[in-house]
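The chain contents come next:
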Amino acid sequence: MTATLDRAGRVAARPARRSAARRRRSLVTLALLAPALLGLLIFFVYPLIASVYYSFTRFDLVSAPEWIGLRNYEYLFTQDPNVWLATLNTLWFVVIWVPVKTAFALLIAGLLARARRASGFWRTVFYLPALVPPVASVVAFVFLFNPGTGPVNQVLAWFGIKGPLWFNDPAWSKPSLVLLGIWVMGDVMIIFLAALLDVPREQYEAASLDGAGGLQKLRYVTLPSIGPVLLFAAVTGVIAAIQYFTEAAVASSVASGKAVVGQGISTNLGYPDGSLLTYTQWLYVRGFGTYQLGYASALAVLLFVVAAVILVLLLRRFKAFTPEGAQ
């Protein structure tokens, strides 16, 4: 009888020991994740909640926030004279800049994947511009595309072509930044190159045996194989375009003769003629140029919501997290 009770006690103690071991593992896991979780709470969750709260207030960093309800959002959607111009310019970068940069990065990666001689040299050549600081690259491009003294228009003149005003022309200022984006696409290109080199050669050989041409191989072999990398490039590109700030601000400042961003902000902003005024620039001006932090928070909240919606649509479109075989 005593032996039976001992065995029953040992059997009952095993689940308790396993539960204690699971608790210890959970505590160890939480302890290891604590720095990342604290960073997420301090630098993302708290600022997000604070921005949502300040978006319903009048706040200038000096006096206490004053609750004004939906007035900031009413002014944003109905009265702000520049917010829609900035939104359209930012949307232009999302729709044009991202696909063009991605397409050229994929094209160069495809050529480098086929290169048999000096491939390492050409990879370095195409990747190096991505290491140039953004401000320096923009200043160099504004100099190169200067309509009066820049070498680009001088070379075009040798062929009898009259070069445009580039960064001084509202019709050419954004395409000029697209050219800059193509020049510094090395970071995306190197990722595409790694993905292309990882595509199994057997799939191309099987497609060739089936009579597939180059475009058919691209459509049915290459693109499906690098689909996750394409999604990554699209998501990161859209995020960068939505937050586009430095290049447009520096180009406006240098092209207009204001070499320091922030000087003459009322006349220099978005030069020429507001064509380079992006949403984040306008947010910066309202928040730190006129110290309307409450209204700037409303702009930031709207930007976050729009970016989240666009990214969710991208993820659903690419079915990035759909298991294999799921419908």
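Scroll up for the structure.
Conventions we followed
Residues numbered from 1 in each chain as written. Predicted model: local features only at pLDDT ≥ 70, side-chain atom pairs only at ≥ 80, totals over all residues. Heavy atoms only, no water. Helix = DSSP H or I, 4+ residues; strand = E, 2+ residues; numbered from the N terminus. Patch = residues over 30% accessible without salt bridge, like charges linked within 9 Å, V, L, I, M, F, W, Y side chains within 5 Å. Areas by Shrake-Rupley, 256 points an atom, 1.4 Å probe, with all protein chains shown as cover. Salt bridge = Lys/Arg side-chain N within 4 Å of Asp/Glu carboxyl O. Lys, Arg positive; Asp, Glu negative; His and termini not counted. Charge placed at Lys NZ, Arg CZ, Asp CG, Glu CD. 1 Å grid on protein atoms, 1.4 Å probe; cavity = no way out; pocket = protein on both sides within 12 Å on 5 of 7 lines; lining within 4 Å. Points joined across faces, edges and corners; volume = space filled by probe spheres on them. Nonpolar A, V, L, I, M, F, W, Y, C, P; charged D, E, K, R; others polar.

Side note on unusual backbone geometry
In this structure, the amide linkage connecting Y271 to the following residue, P272, adopts the cis form with an omega of 0°. As for its placement among the helices and strands, P272 is situated in the loop between α13 (265-268) and α14 (279-289). Non-glycine residue W166 carries a positive phi angle of around 55°. By the element assignment, W166 lies in the loop between α6 (151-158) and α7 (170-183). Look at D273: it is not a glycine, yet its phi comes out positive at around 55°. One can find D273 in the loop between α13 and α14.

Focus on a positive patch on the surface
A cluster of basic residues, R17, R18, R22, R23, R24 and R25, forms a positive patch at the surface. Within the secondary structure, R24 is located in helix α1 (residues 2-54).

Here we look at the layout of surface pockets
Roughly 590 Å³ of volume is contained in the largest pocket. Contributing to the lining of the largest pocket are 15 residues, with G110, R114, L196, Y204 and T222 lying nearest its centre. Contributing elements (two or more residues each) for the lining of the largest pocket: α3 (83-114), α8 (186-197), α9 (201-209) and α10 (214-225). For the lining of the largest pocket, the leading source of residues is α3, giving 6 residues. Of the residues in the lining of the largest pocket, the class split is 8 nonpolar, 3 polar and 4 charged. Counted as a void, the second largest pocket has a volume near 500 Å³. Lining the second largest pocket are 26 residues; nearest its centre among them are W97, K101, D187, A240 and E247. Among the elements that take part in the lining of the second largest pocket, helix α11 (residues 227-242) stands out by supplying 5 residues, more than any other. The residue inventory of the lining of the second largest pocket, partitioned by class, reads 16 nonpolar, 7 polar and 3 charged.

Read these as geometric descriptors, not functional statements.
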